[in-house]
Amino acid sequence: MNKKELLIIIPAYNEGKNIRKVLTELERLDLASRADVLVINDSSTDSTNWIVKEMGYPMISQLFNMGYGCALQTGYKWAVRRKYDYIIQMDGDGQHDVCNIPVIYQRLKEPDADGKCPDIVLGARFREGSSDFPVSKPKKIVYSMFRFLIRMTTKNRISDPTTGLQGLSRKAFLYYSKYNHFDDKYPDANMIIMMLLTGFRVVEVPAVMHARTAGKSMHSGLKPFWYMLRVIYSVIIILFQVKILKKDAGVGLKSADKI
């Protein structure tokens, strides 16, 4: 059997109303010979578990609700052990259109002018060529703050610092899979800052996304403000570790087998 180089990971928590549609849409992509799909069920209490099993997809079920970041890291560890070359992560709520998968996959393998491929490709909602995406006022404030933080700490401009639609090279997800290298709750702007400061190559591509039609967002109501404070605290720790203690400084410039 030919080894597949791409793993698509889908963290899901109580996405019983959405997950079937997401997996059905993925089946329409012509990636079956190159990609596997893995659902990480973060101890859902609805029908998520049964729908994924019924459709015959591989799934890891957490015994306890560990959080979004922990679910993603579980997928990274799976990919490391099974020697995938690339990961594309997408949410199980239907917001990430599957048409983005080939675009991100191609960009992961596309060298820049200096002949090097990106380590992380962000599917961005707010770039020219992206689809229109409704954003509440609290979230707009949070996004603006995160863009400012990234620009001030790394001198890079990232339009969508909280996108969950991402492609990762083996070097990037190998680094993320290690202990204390990934936020177990809210891996967003803080992780982008850490990866840029440690020398990983991060780029954006325009993405097509849709508003959630069922289920509940983990950032609903006033939660974005608590989330913003938690991420800012994480950024402060990352700056101290990388800038002052020089932890992992330049690690992103190394090859995967030296991380």
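Now for a description of the structure that goes with this document.

Basis of the calculations
Residues numbered from 1 in each chain as written. Predicted model: local features only at pLDDT ≥ 70, side-chain atom pairs only at ≥ 80, totals over all residues. Heavy atoms only, no water. Pairing = 2+ DSSP bridges. Helix = DSSP H or I, 4+ residues; strand = E, 2+ residues; numbered from the N terminus. Axes fitted to C-alpha atoms, helices over the stretch in contact; angles between N-to-C directions. Patch = residues over 30% accessible without salt bridge, like charges linked within 9 Å, V, L, I, M, F, W, Y side chains within 5 Å. Areas by Shrake-Rupley, 256 points an atom, 1.4 Å probe, with all protein chains shown as cover. Salt bridge = Lys/Arg side-chain N within 4 Å of Asp/Glu carboxyl O. Core = buried A, V, L, I, M, F, W, Y, C linked by side-chain atoms within 4.5 Å. Buried < 20%, exposed > 50% of the residue type's maximum accessible area, 1.4 Å probe, protein only. Contact = heavy atoms within 4.5 Å. Lys, Arg positive; Asp, Glu negative; His and termini not counted. Charge placed at Lys NZ, Arg CZ, Asp CG, Glu CD. Parallel < 35°, antiparallel > 145°, perpendicular 65-115°, else oblique. Left-handed = near helix turned anticlockwise from the far one by under 90°. Nonpolar A, V, L, I, M, F, W, Y, C, P; charged D, E, K, R; others polar. Right-handed = clockwise from strand over helix to strand, strands pointing away.

Notes on the sheet that holds strand S7 (residues 202-206)
- Strands sit in the order S3-S2-S1-S4-S6-S5-S7 across an open sheet of seven strands; the sheet is mixed. Each of the sheet's edge strands pairs with one partner strand only, and the pair in question is strand S3 (59-61) and S7. Here the average twist between neighbouring strands, direction ignored, is 20°.
- The pairing of strand S5 (residues 120-124) with strand S6 (residues 166-169) spans three bridges and is antiparallel. Bridged to Leu122 within S6 is Gln166.

Thoughts on a nonpolar patch on the surface
- Taken together, the side chains of Leu63, Phe64 and Met66 define a hydrophobic patch exposed on the protein surface, amounting to about 380 Å² of accessible area.
- Here Met66 lies in the loop between S3 and helix H3 (68-81).

With respect to the nonpolar core
- If you look at the biggest cluster of nonpolar residues, it comprises 78 residues, and the most contacted ones within it are Ile10, Leu26 and Tyr176.
- Here the element with the most residues in this core is helix H7 (residues 189-197); it accounts for eight residues.
- If we ignore the near neighbours within four places in the chain, the residues touching Ile10 are Ile19, Val22, Leu23, Leu26, Val37, Leu38, Val39, Ile40, Met90, Asp91 and Gly92.

Structural notes on a positive patch on the surface
- Taken together, the side chains of Lys77, Arg81, Arg82 and Lys178 present a region of like positive charge at the surface.
- By the secondary structure assignment, Lys178 is in the loop between helix H6 (170-176) and H7.
- For Lys178, a relative accessible area of 31% gives the class partly exposed.

Considering the packing of helix H5 (residues 137-154) against H7
- As a packed pair, H5 and H7 sit with axes 10 Å apart at the nearest point and diverge in direction by 15°. Classed by the angle they form, the pair H5 and H7 counts as roughly parallel. When you trace H5 past H7, the crossing you get is right-handed. From H5, Phe146, Leu149, Ile150, Thr153 and Thr154 reach across to H7, where they touch Ala189, Ile192, Ile193, Leu196 and Leu197.
- Split into classes, the residues belonging to the contact of H5 with H7 amount to eight nonpolar, two polar and no charged.

A closer look at the pairing of S7
- In terms of burial, S7 is a largely internal element, four of the five residues being buried.
- Relative to S7, S5 runs parallel, the two sharing five bridges. Across the sheet, residue Gly123 finds its bridge partner in S7, namely Val205.

Quick word on the pairing of strand S1 (residues 6-12)
- Along S1, seven of the seven residues are buried, which leaves the element largely enclosed by surrounding structure.
- The side-chain alternation of S1 yields two buried faces, one formed by Leu6, Ile8, Ile10 and Ala12 and the other by Leu7, Ile9 and Pro11.
- You can see the chain leave S1, run along helix H1 (residues 19-27) and come back into strand S2 (residues 35-41), and the turn it takes is right-handed.
- Relative to strand S4 (residues 86-89), S1 runs parallel, the two sharing four bridges. Along S4, the bridge assignment pairs Leu7 with Ile87.

Here we look at the pattern of salt bridges
- One pass over the full model with this rule turns up 12 salt bridges.
- With a shortest N-O distance of 2.7 Å, Asp112 and Arg107 are connected by a salt bridge.
- Asp112 gets classed as partly exposed once you look at its relative accessible area, which sits at 25%.
- When the shortest N-O distance is used, the salt bridge between Arg230 and Asp183 registers 3.0 Å. Taken together, the positions of Arg230 in helix H8 (residues 223-244) and Asp183 in the loop between H6 and H7 put the pair 47 residues apart, joining distant regions of the chain.
- Its relative accessible area of 8% is what places Asp183 among the buried residues.

Don't take any of this as a statement about function, it's just geometry.
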